[in-house]
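# A closer look at the structure
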Amino acid sequence: MDRIRDLCVRILGRDGDLKAAAVLAAVLLFHAIHPKVVATAVLDVPVEAISDNPRCLVTGVSPETVKVTVRGAADAVAALAGADVSVRAVSSNTNFLSRETVPLDSSSISDFGRMAVVSVVPAQVEVSLDRLGNWVTTNYVAQPRLVGQPLQSHAAVVMPTSLEVKAFGSMKQLEEFSRKGIRLPTSSIDVEGKTQSFAAVVDIKIPPDSGITSLSPSNFMVTVELTPIRLRNQDGGTASAPTMLSKEEAEAMASAPEPDATATAGADQQLAPSAPGAEEKSAPQEPVQIGELLTPEEKKEAAAGGGAIGASDADAAISPSLDAPVQEP
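Figured I'd write up the structure that's included with this text. (Residues numbered from 1 in each chain as written. Predicted model: local features only at pLDDT ≥ 70, side-chain atom pairs only at ≥ 80, totals over all residues. Heavy atoms only, no water.)

## Topic: the pattern of salt bridges
Note the threshold: The term salt bridge refers to a side-chain nitrogen of Lys or Arg lying within 4 Å of a carboxyl oxygen of Asp or Glu. Working definition: helices are DSSP H or I runs of at least four residues, strands are E runs of at least two. Numbering for both runs from the N terminus. Accessibility here uses a 1.4 Å probe with only protein chains present; expressed as a share of the type maximum, an area under 20% marks a residue as buried, one over 50% as exposed, and anything in between as partly exposed.
For the coordinates displayed, the defined rule picks out 3 salt bridges. Residue Asp-44 is joined to Lys-67 by a salt bridge in which the shortest nitrogen-to-oxygen separation is 2.8 Å. Taken as a pair, Asp-44 in strand E1 (residues 38-51) and Lys-67 in strand E3 (residues 65-73) lie far apart in primary sequence, 23 residues in all. Taking relative accessible area as the criterion, Lys-67 reaches 44% and is therefore assigned partly exposed. With a closest N to O distance of 4.0 Å, Glu-48 and Arg-88 form a salt bridge. Placement of Glu-48 in strand E1 and of Arg-88 in strand E4 (residues 86-91) is noted, with a sequence separation of 40 residues between them. What makes Glu-48 partly exposed here is its relative accessible area of 34%. Arg-88 gets classed as partly exposed once you look at its relative accessible area, which sits at 41%.

Below, the structure is given as structure tokens:
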């Protein structure tokens, strides 16, 4: 023991034995806590198969997921469980094979950060491939569906006269899809509350199981024509033709104050019709004319024409002149 202390002092200088003891303690402490810092996990990771041959297209891969064992810091391993990671299987397929076996190793793993990849099971996958083809169509696109209701109008879609669309994808799947005679679906058009015709851009949708990988073009322009429905106004309403405001009218309209709700309510009450019978009670009575009236006997004599009173006399008797003297009876 003394020999070791002397050796440490000779090599490390003064207090060399203490320095050596500190290093030994650090090593022991590291090994004591190391299992708590490092963790190992087995993850189910999806396989992303791609082709280096631009004239080939990947149509499938088996198996679709592999088990990857990783080792690293415990917190990093826990965070990796929800991360977007994948195993890439790259096929060269220079001979245009329909199937090719692709090996997997640690270099195929992406986005695993600083963690070590212990193993990949299985160590290889089988990639299905097909020749890349295109399908040229003319006016083979479905008419867009209208959503909503225009305002008192009929809506109709006017399609382009000659719409050519190229579809790219697997030759086998394109041939199968074309035999079904299914038109390429499109996005809908919203016409809710519209009153005027308008142009709209419509997207062409790719059915997920059609084998189509891309379209050219992927959208096109249509015209939506709105035709008003002319209804007879049963309430007898009328409307004049629009006219342009003069400069004076526009300035007066811009500077006009807001209408007073209280004054408007008072005016409405004045214009409101009165209750039945109220007009008769409030109407002023005609003044009573002063004069003598004919007796029934005098009326009979006047009608018979004997010693009678003429029409002018009768009028005078009914409404005598104010200037005529009044005789005493």
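## Regarding the sheet that holds strand E13 (residues 198-203)
To be explicit about the condition: A pair of strands is considered paired only if DSSP assigns at least 2 bridges between the two. Axis angles are defined between N-to-C directions and span 0 to 180 degrees, where every axis is a line fitted to C-alpha atoms and, for a helix, only to the segment in contact.
What the 3 strands build is an open sheet, ordered E10-E15-E13; its pairing is antiparallel. Of all the strands in the sheet, the pair left with one neighbour each is strand E10 (153-158) and E13. On average, adjacent strands in this sheet sit at an angle of 30 degrees to one another, irrespective of strand direction. Both E13 and strand E15 (residues 219-228) contribute to a ladder of 6 bridges, which runs antiparallel.

## Comments concerning the environment of Ala-76
One can find Ala-76 in helix H3 (residues 74-80). A relative accessible area of 31% places Ala-76 in the partly exposed class. Between the alpha carbons of Ala-76 and Met-115 there is a distance of 8.0 Å; along the sequence they are 39 residues apart.

## With respect to the side chain of Ser-153
Basically, it comes down to this: Counting of polar contacts relies on pairs of N or O atoms within 3.5 Å, with two restrictions inside protein: one atom must be capable of donating a hydrogen and the other of accepting it, and residues adjacent in sequence are counted only when both atoms are side-chain atoms. Only heavy atoms enter the contact rule, under which two residues are in contact if any of them lie within 4.5 Å.
Of note, Ser-153 is situated in strand E10. By relative accessible area, which is 4% here, Ser-153 ends up buried. Separated by 2.9 Å, the side chain of Ser-153 and the backbone oxygen of Leu-151 make a polar contact. Residues in contact with Ser-153, not counting those within four places in the same chain, are Leu-226, Thr-227, Pro-228 and Ile-229.

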